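Reading the structure
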Amino acid sequence: MNNPTVNKTENRDYLIPEMAPELERGPRWLRDVRRRSREAFNSAPVPHRGLHLWRYTDPMTFLVDRSQVSDTDYGENFGAVEKIVREHVEHGNLAGVVTDLAGREIGFHGTEELCARGAVVTKLSEAATEHPELVEKYLYQLVNSACGKFEALNGALWNDGIFIYIPDGLVVEKPLHLLRESGLSGSAQYPRLLIVVGKNAELSVIDEYGGGSLDESQPSNTNSAVEIFGLADSRVRYVSLQRQAPGMHGYMTHRARIEQGATMLTVPLAFGGAVSKQNFGVILNGRHSESSMFGMLFGSGYQRFDNHTLHHHVSGETTSNIDFKVVLRDKATSAYTGLIRIENDARTCEAYQENRNLLLNSGTRAETIPELEILNEDVRCSHGATLGPIDPLSIFYLLSRGIDEAEAVRMIVSGFVIPTLQQVPKNLRDRIGSFVAQRLEGN
Amino acid sequence: MTDKQSLFEFKDIHVAVEDKEVVSGVSLTIAPGEIHAIMGPNGSGKSSLSNALMGHPDYAITKGEAYLDGRNILDMSADQRSRAGLFLAFQYPLAIPGVSVANFMRAALKSHRGKDANMSDFRKLFKAEMKALSVDESFATRYLNDGFSGGEKKRIEILQLSMLQPKMALLDETDSGLDIDALKTVSEGINRFHSDANGILLVTHYQRLLNYVKPQHVHVMMHGKFVKHGGPELALKLEELGYEWVAQELAEKARV
């Protein structure tokens, strides 16, 4: 391959100026990291389109001309959030709701009880000063400028974020719901989330991303970073729900690290945006740790999805499993790249990965790229992928029982994504089911 | 019109698979309350005929007519044929992952009745039918045919038959893959379903199902055509002498 170099014709207005106000936020150590992230971002070349993980998406999609960013038009989207919050809190089946408006304003609703039990649910900016022993230890450990240009961008410019700490032994029975709303056309936001779940503690988080530009010709931009630490014997479920507006360009990097005996369930769900590039990774860092990912996305219109998953077995005697489902209609496209890496010292690991793509019509396109980097032979590892339309004979079977074709398709697609839906809390399951139904009806 | 009362009738049906003709002009009239059997060796076209009548996308009816209760079914899509009262029990029922037997059954009933069945009525009916067919209740929440044994699949087909109560049932090799106990259970299910008002067309290679479900009329199919018609005694003779016997008889006739 040619030596990837900076695109000569690129627009340099996206560079972060030295005087950017975000760089001044936080205590000294944080300001230092922000500055180093800025330098890393400004000096890193725009990834070449031939480069690994950039073959399917133009990196320029996620670069924002700072002079054109509008910081004003946030209000309209945020009205809807209040309604959702009220419904969620009134339902009483959540441990609380955290609202995140454009990575700037963080609000807390019904989280008092959880905090009274010793948990910390607060703004990342506040945590950086009030809990430096935790934040300095964990923030930027997994998502940082070493990951790439866009992770450096978030590292420098995140305005405010969410910090969740669950102390050792605390079991949080109900899910904690995070509602992140993006601004309208021309907006750019850099949400950031840090979660630390203590030893033998349990937490379930729903991380919902909504809002954004309604107009594809005047997009909005989101670049989010999520870091999750599951300490020994912890049990964590993280559900990411991306239902952003049609004009959103979304970039997300998620990394989790789990220690001995910990289990992690990651559920990436994606429905929205014009272009959505999401990277979910779990590092299995202690014996008997277990990670599962059950993902699904449903693309319609001209939506483009570019997803990566990583299971990195650093420790031996660890188990990972991925089931990633893709449904596409109209002219939607998806590229899925799933990497399993098993280190030389990580003996007797098990790792499984499956990516199934259902193409509802002939204008869609899906790519599936399994990647295995297995550095020892004492492992059990398998991967599989399928790609194609609904089997016409499955449809015929349902038709032969009187079920009409639209309903038959709905039942088969719903059945296709069921393994993923079963991993999310019941009330969310119904909502996701209705998203799937709406997409099938062409909305 | 034929002289007897017709429930299901097809005339001069030709079926092609990928432009190759596999059924070459068969006709039959079934009156309410009648049980007919089509018997024939493998590859005779009998399964193709039943699949084509149901509207299978791989089997094209290139010529002929078919009527259920006087309505032309060949103008209908497969789901319309089902709602009009036609049913096909498949030889190899497909697995539909993620769709539970109960949800599938509910959707099918809803499509037939035009509205959702009352939940408790549905449960009662469903449970009773499962019990009658010795289907364990756990099957209600299992995904349709997903990991089912051959015998379990056939029971579920007959369960669907008894729930949907079609006017005309085509049963394609329903006896294949069944042990003797399952064969009895399935046959009892078919006999329970059968009434003076409905019709059954059994499609089978072997005679053994006919010990339990008794047809009044037996039709032998070879090379895409009906070559012999008779009563139940014909099935027994076939069991004894094999299809070779019919083939020889045909050859002799051709010489005369």
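Residues numbered from 1 in each chain as written. Chains lettered and ligands numbered in written order. Predicted model: local features only at pLDDT ≥ 70, side-chain atom pairs only at ≥ 80, totals over all residues. Heavy atoms only, no water.

**Side note on the overall build of chain B**
Helix and strand counts for chain B come out as 8 helices and 10 strands. For 256 residues, the compact-globule estimate of 2.2 N^0.38 gives 18 Å, and chain B sits close to it at 18 Å. Considering only C-alpha atoms, chain B reaches an extent of 65 × 40 × 35 Å along its principal axes. Within chain B, the proportion of its 256 residues that are buried is 53%. Here the analysis covers contacts within chain B between residues at least 6 apart in sequence; of these, 69% occur between residues at least 24 apart. Taken as a whole, chain B presents about 11,600 Å² of accessible surface, with 49% of it coming from carbon and sulfur. (Helix = DSSP H or I, 4+ residues; strand = E, 2+ residues; numbered from the N terminus. Rg over C-alpha atoms; globule rule 2.2 N^0.38 Å. Buried < 20%, exposed > 50% of the residue type's maximum accessible area, 1.4 Å probe, protein only. Contact = heavy atoms within 4.5 Å. Areas by Shrake-Rupley, 256 points an atom, 1.4 Å probe, with all protein chains shown as cover.)

**Observations concerning the overall build of chain A**
Along the backbone of chain A there are 9 helices and 20 strands. Computed over the C-alpha atoms, the radius of gyration of chain A is 21 Å, within 12% of the 22 Å expected from 2.2 N^0.38 for a compact globule of 443 residues. Projected onto its principal axes, the C-alpha coordinates of chain A cover approximately 70 × 55 × 50 Å. A buried classification covers 59% of the 443 residues belonging to chain A.

**Structural notes on the nonpolar core**
Within the largest apolar cluster, 112 residues are counted, with the highest numbers of intra-cluster contacts made by Phe8, Phe10 and Phe126 of chain B. Residues within four places of phenylalanine 10 of chain B in sequence aside, it is in contact with Val26, Ser27, Leu28, Leu49, Leu53, Glu65, Ala66, Leu201 and Phe226 of chain B. Judged by nonpolar contacts, the second largest core, of 44 residues, contains Ile106, Ala119, Leu178 and Ile258 of chain A. (Core = buried A, V, L, I, M, F, W, Y, C linked by side-chain atoms within 4.5 Å.)

**Overview of the sheet that holds strand S5 (residues 71–72) of chain B**
All names here are of chain B. As summarised here, the arrangement of the 4 strands in space is S2-S1-S4-S5, forming an open sheet in which the pairing is antiparallel. The open sheet has two edge strands with one neighbour each: strand S2 (20–30) and S5. Pairing of strand S1 (residues 8–17) with strand S4 (residues 60–68) involves 7 bridges; the strand directions are antiparallel. Bridge assignment links histidine 14 to a residue of S4, and that residue is lysine 63. Relative to the sheet, helix H1 (residues 46–54) contacts S1, S2 and S4, its axis offset from that of S1 by approximately 105 degrees. (Pairing = 2+ DSSP bridges. Axes fitted to C-alpha atoms, helices over the stretch in contact; angles between N-to-C directions.)

**Observations concerning the environment of arginine 329 of chain A**
All names here are of chain A. Within the fold, arginine 329 resides in the loop between strand S16 (319–328) and strand S17 (333–342). Residues arginine 329 and glutamine 303, spaced 26 residues apart in sequence, show a C-alpha to C-alpha distance of 9.5 Å. With near-sequence residues (within four places) excluded, arginine 329 lies in contact with Phe298, Gly299, Ser300, Gly301, Leu360, Asn361, Thr364, Arg439, Leu440, Glu441 and Gly442. Side-chain polar atoms of arginine 329 contact the backbone oxygen of arginine 439, separated by 2.8 Å. (Polar contact = N/O pair within 3.5 Å; in protein donor to acceptor, adjacent residues only side chain to side chain.)

**Let's talk about unusual backbone geometry**
All names here are of chain B. The residue glutamate 18 is not glycine, and still its phi comes out positive at about 45 degrees. Locating glutamate 18 in the fold gives a position in the loop between S1 and S2. Since its relative accessible area comes to 75%, glutamate 18 is described here as exposed. For serine 134, which is not a glycine, the phi torsion comes out positive at approximately 55 degrees. You can see serine 134 is positioned in the loop between helix H4 (119–132) and helix H5 (150–164).

**As for the packing of aromatic side chains**
Scanning the entire structure with this criterion turns up 16 aromatic pairs over all chains. In textbook terms, an aromatic cluster arises when at least three aromatic residues are bridged by ring pairs, as seen for Trp54, Phe62, Phe150 and Tyr251 of chain A. (Phe/Tyr/Trp six-rings, centres within 6.5 Å; stacked < 30°, edge-to-face > 60°.)

**Description of the side chain of serine 50 of chain B**
Along the chain, the position of serine 50 of chain B falls in helix H1. In this structure serine 50 of chain B touches Leu88, Leu170, Asp172 and Val203 of chain B, once residues within four positions along its chain are discounted.

**What about the packing of helix H7 (residues 392–399) of chain A against helix H8 (residues 405–421) of chain A?**
Residue and element names in this part refer to chain A. Orientation of H7 relative to H8, taken along the N-to-C sense of each, is 120 degrees, at an axis distance of 9 Å. In terms of axis orientation, H7 runs oblique to H8. The crossing of H7 and H8 is right-handed. Residues Ser394, Ile395, Leu398 and Leu399 of H7 form the contact with H8, whose own contacting residues are Glu405, Ala408, Val409, Met411 and Ile412. Counted by class, the contact of H7 with H8 contains 7 nonpolar, 1 polar and 1 charged residues. (Parallel < 35°, antiparallel > 145°, perpendicular 65-115°, else oblique. Left-handed = near helix turned anticlockwise from the far one by under 90°. Nonpolar A, V, L, I, M, F, W, Y, C, P; charged D, E, K, R; others polar.)

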